Amino acid sequence: MVDSRRFYEVVSGQRRGVLAGMVRALLAAAEIPYTWVVQARNRAYDRGTLRTHWVGVPVISVGNLVLGGTGKTPLVAWLAGWFRDRGIKVAILSRGYGAVGKTGNDEAKELRCLLPDVPHFQNPDRVGAARQAINELKAEVLILDDGFQHRRLHRDLDIVLLNALEPFGFGHVFPRGTLREPLSELRRAHVVVLSHAKFIDPAFRAKIRSTVQQLAPEAEWAEVVYEPQGLVSASGEIQSIALYRRQNVAAFCGIGNPAAFRLTLEECGFRVIAFQEFPDHHFYRAEELRRLADWANRLDVSAVICTPKDLVKIASNYLGERPLWALQTKVAFVLGEEALEKRLVALCPENERNRPARGT
């Protein structure tokens, strides 16, 4: 089995040589039938051959065009909070990839910590989950997490995130690249959000925006960053980022975009002297945690830092003898917040459209 790092090295072209070239050629051959199937499915939905289910309340989808992380969970939390703060009953729907037992997957646990008063339904049958949210909890708005390719459920607003560090999947559909579907399908998006925008220069951002405008000329454009807020422990203690600024730390993560996490840590002023990456949604087994603890104990570091998505699965204040913290961040808009809010207001129940957010 090829791990995700080697896969990315091959499809991105970082790995050179005859063998890597042969592998890319094989992956390019496999890309053709995969792309055909994806496009055939999309055309079937476009023509109505495959049925889209309308559930009677507005549905907002937050999704990706590529495999890997783009920062969906913080944006889902921002959207859910936007509606909640206006007194609108909102629920989140997701497939529940990687869920263990009845507690939900890492994203569900993270959202539960961020928004304990917003219900989250995890079910591969998201049409069934939508009806459950409406019938049981009288939900007025639904947010579909990772839903751009899930076309069975009708949506009123399609938001697609692009990771600024690799927005277009190396120009190829999986398995030759990391696109989930051809770039041309971006035309279905109503709003395109460039995430981690601060990690690239303005000229590159403008170039990405120009490409998106050619693919989806009707879509709104937005850019977001993820601002560090503080450090949180498994027991809920919160500390300032300044606690470990200019000190040696170790870090690890099991997310789709580890590069952005490391850049954020360095931006906070931490000296990251050791860093480990795990696959997205990684479940940390007892033996792996023991190895991580031994790794941390051998290092001259003041603390170990991970993401909230990792911490909810580990649920410990320490990794070996080192304090374990998660770095909390929140979405902040660089561009496009007003345009997105106009779209959201249009989806609000009629009697809620002019209600200000709490505290404003």
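From a predicted model like this one, the values you see are computed outputs, not experimental measurements. Each chain has its residues counted from 1, following the order in which its sequence is written. Only residues with pLDDT of at least 70 get local features here, since the model is predicted, and only at 80 or more are side-chain atom pairs given and counted; chain-wide, interface and lining totals rely on the full set of residues. Heavy atoms from the whole structure form the basis of all side-chain values; hydrogens and water molecules are not counted.

Enquirer: Any chance you could explain the nonpolar core here in plain terms?
Expert: The nonpolar side chains of a soluble globular protein tend to be buried with one another. The criterion is simple. A nonpolar core is a set of buried Ala, Val, Leu, Ile, Met, Phe, Trp, Tyr and Cys residues joined through side-chain atoms within 4.5 Å. Partly exposed describes any residue whose relative accessible area lies between the buried limit of under 20% and the exposed limit of over 50%, with all areas from a 1.4 Å probe on protein chains only and scaled to the type maximum. Residues Ile60, Leu75, Trp78, Leu79, Phe83, Ile159 and Leu344 are the most contacted members of the largest nonpolar core, which totals 32 residues. Only DSSP runs of H or I with at least four residues qualify as helices, and only runs of E with at least two residues qualify as strands; both kinds are numbered from the N terminus onward. Broken down by element, this core gets its largest block of residues, eight residues, from helix α3 (residues 72-84). Only heavy atoms enter the contact rule, under which two residues are in contact if any of them lie within 4.5 Å. Beyond its immediate chain neighbours, meaning those up to four positions away, Leu79 contacts Ile60, Val62, Ile143, Ile159 and Leu344. Phe148, Ala164, Phe168 and Ile200 belong to the second largest nonpolar core, which has 22 residues in total.

Enquirer: Looking at this structure, how should I read the environment of Val59?
Expert: Looking at the element boundaries, Val59 is found in strand β1 (residues 59-64). Those residues within four positions of Val59 in sequence are excluded, and the remaining contacts are Leu142, Leu144, Leu153, His154, Arg155, Asp156 and Leu157.

Enquirer: Explain the pairing of strand β11 (residues 303-306) to me, please; I cannot follow it from the model alone.
Expert: As a general feature of sheets, a regular strand has side chains that alternate between the two faces. Residues Ala303 and Ile305 line one face of β11 and the alternating positions Val304 and Cys306 line the opposite face, and both faces are buried. In this analysis, strands are considered paired if DSSP registers two or more bridges between them. Relative to β11, strand β9 (residues 248-253) is paired through three bridges, and the arrangement is parallel. Its bridge partner lying in β11, Ala251 is registered against Ile305. Across three bridges, β11 lies against strand β13 (residues 322-335) in parallel orientation. Within β13, the position partnered with Val304 by the bridge is Leu324.

Enquirer: Teacher, can you tell me more about the environment of Val224 here?
Expert: Within the fold, Val224 resides in strand β7 (residues 220-232). Along the primary structure Val224 and Ser210 are separated by 14 residues, whereas in three dimensions their C-alpha atoms are 17 Å apart.

Enquirer: Is there a simple way to explain the side chain of Arg24 in this structure?
Expert: Summarising the element assignment, Arg24 is placed in helix α2 (residues 18-47). Just so you know, the count uses Lys and Arg for positive and Asp and Glu for negative, and it drops His and the chain ends. We define a salt bridge as a contact between a side-chain nitrogen of Lys or Arg and a carboxyl oxygen of Asp or Glu at a distance within 4 Å. Of the side chains with opposite charge, Glu9 comes closest to the buried, unpaired Arg24, at an N-O distance of 9.2 Å.

Enquirer: Explain α2 here, please?
Expert: Every α-helix winds through 3.6 residues per turn, so residues three or four apart in the chain are directed the same way. Each residue after the first adds 1.5 Å to the expected span of a helix. Here α2 spans 44 Å end to end across 30 residues, near enough to the 44 Å set by a 1.5 Å rise per residue. Of the positions making up α2, those classed as buried are Ala20, Arg24, Leu27, Glu31, Thr35, Val38, Asn42, Ala44 and Tyr45. As for α2, its buried residues are in contact with α1 (4-12). Two residues or fewer after α2 comes Gly48, characterised by a positive phi angle close to 90°.

Enquirer: I keep staring at the packing of α3 against helix α10 (residues 337-347) and nothing clicks. Help me out?
Expert: Angle between the axes and distance between the axes: these two values describe a pair of packed helices. Orientation is described by axes fitted as lines to C-alpha atoms, over the contacting stretch for helices, and by angles from 0 to 180 degrees between their N-to-C directions. Axis separation between α3 and α10 bottoms out at 12 Å; the angle between their running directions is 55°. Between α3 and α10, the angle falls in the class oblique. The crossing of α3 and α10 is right-handed. Here Trp78, Leu79, Trp82 and Phe83 of α3 come into contact with α10, specifically with Glu337, Leu340, Glu341, Leu344 and Val345. Partitioning the contact of α3 with α10 into residue classes produces seven nonpolar, no polar and two charged. Here roughly perpendicular refers to angles of 65 to 115 degrees, roughly parallel to angles under 35, roughly antiparallel to angles over 145, and oblique to all remaining angles. Should the near helix be turned anticlockwise from the far one by less than a right angle, the crossing is termed left-handed; should it be turned clockwise, right-handed. In this count, Pro and Cys sit with the nonpolar residues alongside Ala, Val, Leu, Ile, Met, Phe, Trp and Tyr, while Asp, Glu, Lys and Arg are called charged and the others, Gly among them, polar.

Enquirer: What's the story with the packing of α1 against α2 in this structure? I'm lost.
Expert: The interhelical angle for the contact between α1 and α2, taken along N-to-C directions, is 85°, at an axis separation of 9 Å. In terms of their interaxial angle, α1 and α2 are classed as roughly perpendicular. Between α1, through Glu9, Val10 and Val11, and α2, the contact on the second element is made entirely by Ala20, Val23, Arg24 and Leu27.

Enquirer: Just checking my understanding: could you explain the pattern of salt bridges for this structure?
Expert: Where side chains of opposite charge bring their charged atoms close, a pairing between them can arise. Summed over the entire model, instances satisfying the criterion amount to 20 salt bridges. When the shortest N-O distance is used, the salt bridge between Asp117 and Arg84 registers 3.4 Å. With a gap of 33 residues between them, Asp117 in the loop between α4 (106-114) and β3 (120-122) and Arg84 in helix α3 connect regions that are remote in the sequence. Looking at Arg84, the relative accessible area reads 21%, which means it is partly exposed. Salt-bridge contacts for Lys198 lead to Glu267; the nearest nitrogen and oxygen are separated by 2.6 Å.

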